[in-house]
Amino acid sequence: MPAAIRLDRVVKTFPGQPRPAVDGVSLDVEAGELLVLLGTSGSGKTTLLKTINRLVEPTSGRVEVEGVDVRSRPPAELRRRIGYVIQQVGLFPHQTVARNIATVPRILGWDRRRIRERVDFLLDLVGLPPDEFRERRPRELSGGQAQRVGIARALAGDPPILLMDEPFGALDALTRGALADALVGIQRQFGKTVLFVTHDVDLALRIADRIAVMRAGRLEQVDTPAALLASPATPFVGSLLDANDILQHLAVIPVEEVMAPPGRAGGVHLSETLPEGASLKRAVSALLRSGGAPVAVVDAAGRPRGIVTWERVQRRTQPRQSAGRERAQPAPRGG
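What you see is a predicted model; the values in this text were computed from it and never measured.

Colleague: When you look at the nonpolar core in this model, what are you seeing that I'm missing?
Modeller: Within soluble globular proteins, side chains that are nonpolar generally end up buried alongside one another. Core analysis: the biggest nonpolar cluster contains 55 residues, and Val36, Ile101, Ile151, Phe168, Phe196 and Ile211 have the highest contact counts within it. If near-sequence neighbours (up to four positions away) are discounted, Val36 is found in contact with Phe196, Thr198, Ala204, Ile207, Ala208, Arg210, Ile211 and Ala212. Counting residues in each nonpolar core, the second largest holds 24 residues, with Ala4, Leu49, Val70 and Ile82 among its members.

Colleague: Help me understand the sheet that holds strand E4 (residues 60-65), please; the structure alone is not making it clear to me.
Modeller: Neighbouring strands of a sheet are bound in pairs by backbone hydrogen bonds; such pairs are parallel or else antiparallel. Strand order in the open sheet formed by four strands is E2-E1-E4-E5, with antiparallel pairing between adjacent strands. Either end of the sheet is taken by a strand with one partner, and the two such strands are strand E2 (22-29) and strand E5 (68-69). In the sheet, strand E1 (residues 5-12) pairs with E2 via six bridges, with the strands oriented antiparallel. Among the inter-strand pairings, Leu7 is bridged to a residue of E2, identified as Leu27. Sitting on the sheet, helix H1 (residues 45-52) is in contact with E1, E2 and E4, with an inclination near 120 degrees to E1.

Colleague: Where do I start with the sheet that holds strand E10 (residues 218-223) in this structure?
Modeller: The six strands lie next to each other as E6-E7-E8-E3-E9-E10, forming an open sheet whose pairing is mixed. Among the strands making up the open sheet, the edge pair consists of strand E6 (82-86) and E10. The sheet shows a mean angle of 15 degrees between the axes of neighbouring strands, taken without regard to direction. Inspection of the sheet shows strand E3 (residues 34-38) paired to strand E8 (residues 193-198) by five bridges, in the parallel sense. Note that in E8 the partner of Leu37 across the bridge is Val197. Its contacts with the sheet put helix H7 (residues 143-155) on E6 and strand E7 (161-165), and the angle it makes with E6 is roughly 165 degrees.

Colleague: Would you mind going over helix H5 (residues 112-125) with me for this structure?
Modeller: Along an α-helix, residues three or four apart share an orientation, since each turn contains 3.6 residues. End to end, H5 covers 20 Å across 14 residues, agreeing with the expected 20 Å (1.5 Å per residue, within 8%). For H5, every residue scored as buried is listed here: Ile115, Arg118, Val119, Asp120, Leu122 and Leu123. Taken together, the buried residues of H5 touch helix H3 (97-101), helix H4 (103-107), helix H6 (130-133) and H7. Between the side-chain oxygen at the start of H5 and the backbone nitrogen of Arg113 there is a gap of 3.1 Å, and the oxygen is on Asp111. Positive backbone phi, at 80 degrees, marks Gly127, one or two positions downstream of H5.

Calculation notes
- Residues numbered from 1 in each chain as written.
- Predicted model: local features only at pLDDT ≥ 70, side-chain atom pairs only at ≥ 80, totals over all residues.
- Heavy atoms only, no water.
- Core = buried A, V, L, I, M, F, W, Y, C linked by side-chain atoms within 4.5 Å.
- Buried < 20%, exposed > 50% of the residue type's maximum accessible area, 1.4 Å probe, protein only.
- Contact = heavy atoms within 4.5 Å.
- Pairing = 2+ DSSP bridges.
- Helix = DSSP H or I, 4+ residues; strand = E, 2+ residues; numbered from the N terminus.
- Axes fitted to C-alpha atoms, helices over the stretch in contact; angles between N-to-C directions.
- Expected span 1.5 Å × (residues − 1).
- Polar contact = N/O pair within 3.5 Å; in protein donor to acceptor, adjacent residues only side chain to side chain.

Quick look at the structure:
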């Protein structure tokens, strides 16, 4: 089975520039994978992303989507198979939320009932009650709500692939985290292939199956978050990820590794909870906010799944510190 996206020695040189924006990048993104393109400003990650839906035509090299050279498809046809979400969202200001989401289904000729059902399903999926948000205009939305609508619009035609370019970059940390969790949930539930561009290291570690680190138009390293932290291939990768910081390693260890059964543990802090799949880094933050009281881990319905305590976190981290650079094991995402 071919990769969902294949980049083969892709080069993009813009006129008048001293070096290529993208310089010989080869990369496969597997079907159902969430791969993050991570790098500082000017590293070429956005340009590379745009070669996939032909917003940028490469100078040389080959780009394939689902085994087919993108140059063999008209751009409009190609883009109907690829959802695209950007930081600026780009909602049509004079159209309702429902009509914004329905843009691609209307182009595809869906009937009104099917479109209505799809819009309501997607609004529920991204956490916006349809009766409350269907008829709102973009100016009536917060930044986080607008981004949720943007994600819903990108999913409206049920594309197998999503391209996301710094979609949460302008949002506050709390909203960014909530949207990251929502995106991971959607990607897992429906098996979408997601290529996500960011310069936010914490976000990348939180959501990625794999991270492709870019620098000056080239790939420095591609691997799982845990493997990148444990064995950075270059000093740049180690510095970018802050791989010497123990808290970064905690970001890729799931709370389930230290969680005790819910039982009847006394003194559990009631106002602090952690979702299943959360990282030990988030657990440490929750324990600090609780004043050291145990914190419950809950499922999506709010049911308790376990308890996290300082003692259990310390038992998990102390051997790692004393063992030096022990190789971290890949962990479920969830931040």
